[in-house]
Amino acid sequence: IGAALLLSGPTSPSETKGEGKVTDTELLLGPKEDRQAVGTPSAKVTIVEFGDFQCPACGAAYPIIRQIKDEYKDKIYFVFRNFPLPQHQNAAISAEAAYAAGQQGKFWEMHDKLYQDQDSWGEKATAKDIIAGYASELGLDFTTYIDAVDKKAGESKIKKDQNDGYQLG
């Protein structure tokens, strides 16, 4: 199940004043160049969600997470990392869809749509087609979107997110 980890306080050894480092920040946040994040990177509080778009628990947490992001947008740094669970038949395709949308600057719009409409596509054999409809609704270049999803353009990033999540426990 996707987990939200809260990391607050100093993140570099020079700032810790003798305290132990909570975790490996690079491992937790992932590579900066392809990070899906909102908020202020220098904020004192960073929230990292390892989420599965099909996961009912992640879907139930979504409204709370969205409220936190909206209410504290300038005071926190929120990072989303993919963690599609193998027992969810459409978790991988939804992660690929979000990645493909992100390549066109619409990751968060697809992220929100997938969680808001989880009941419409989550357990359906036609999830890929339903989600492709969301890409159209969001105004994505459909050919580019389909090409990215079909070629699994996000697969290495998604697997890195998963592996980092497992490594973090």
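Residues numbered from 1 in each chain as written. Predicted model: local features only at pLDDT ≥ 70, side-chain atom pairs only at ≥ 80, totals over all residues. Heavy atoms only, no water.

Student: How should helix α8 (residues 155–168) be read in this particular structure?
Tutor: For α8, which comprises 14 residues, the first-to-last C-alpha distance of 20 Å matches the rise-based estimate of 20 Å (1.5 Å per residue) to within 8%. Contacts made by the buried residues of α8 are with α1 (25–29), β3 (45–51), β4 (76–82) and α3 (91–102). One or two positions beyond α8, positive phi appears at G169, with a value near 85 degrees. (Helix = DSSP H or I, 4+ residues; strand = E, 2+ residues; numbered from the N terminus. Expected span 1.5 Å × (residues − 1). Contact = heavy atoms within 4.5 Å.)

Student: Quick question: what am I supposed to make of unusual backbone geometry here?
Tutor: Phi is mostly negative for residues that are not glycine, and the peptide bonds are mostly trans. One non-glycine residue, K152, lies in positive phi territory at about 55 degrees. With respect to the helices and strands, K152 occurs in the loop between α7 (142–150) and α8. For K152, a relative accessible area of 46% gives the class partly exposed. (Buried < 20%, exposed > 50% of the residue type's maximum accessible area, 1.4 Å probe, protein only.)

Student: What exactly am I supposed to notice about the confidence of the model for the protein here?
Tutor: Predicted coordinates in areas of low pLDDT are best not read in detail. Per-residue pLDDT for the protein has a mean of 89; in total, 87% of the residues score no lower than 70. Note that pLDDT drops below 50 for residues 1–18; the model gives that stretch 33 contacts with residues more than four away or on any other chain. (pLDDT = per-residue confidence, 0-100.)

Student: Teacher, can you tell me more about the pairing of β3 here?
Tutor: Across the seven residues that make up β3, a large majority, six, are buried. Examined bridge by bridge, β3 and β4 share seven bridges and lie parallel to one another. Across the sheet, the residue bridging to G51 is N82, located in β4. Tracing the backbone out of β3, into helix α2 (residues 56–71) and back to the parallel element β4 gives a crossover that is right-handed. (Pairing = 2+ DSSP bridges. Right-handed = clockwise from strand over helix to strand, strands pointing away.)

Student: Sorry if this is basic, but what is going on with the state of the cysteines here?
Tutor: Defined simply, a disulfide is a covalent bond joining two cysteines at their sulfur atoms. Taken as a whole and judged by the stated rule, the model has zero disulfides. Left unpaired, C55 is separated from the closest cysteine sulfur, that of C58, by 3.6 Å. Residue C58 is classed as buried on the basis of its relative accessible area of 2%. (Disulfide = S-S within 2.5 Å.)

Student: How should the pairing of β4 be read in this particular structure?
Tutor: Side-chain positions along a regular strand alternate between the two faces of the sheet. Among the seven residues of β4, seven are classified as buried, and the element is accordingly described as predominantly covered. Side chains I76, F78, F80 and N82 project from β4 onto one buried face, and the interleaved Y77, V79 and R81 project onto a second face that is buried too. Note: strand β2 (residues 36–39) against β4, four bridges, orientation antiparallel. Across the sheet, A37 pairs through a bridge with V79, a residue of β4.

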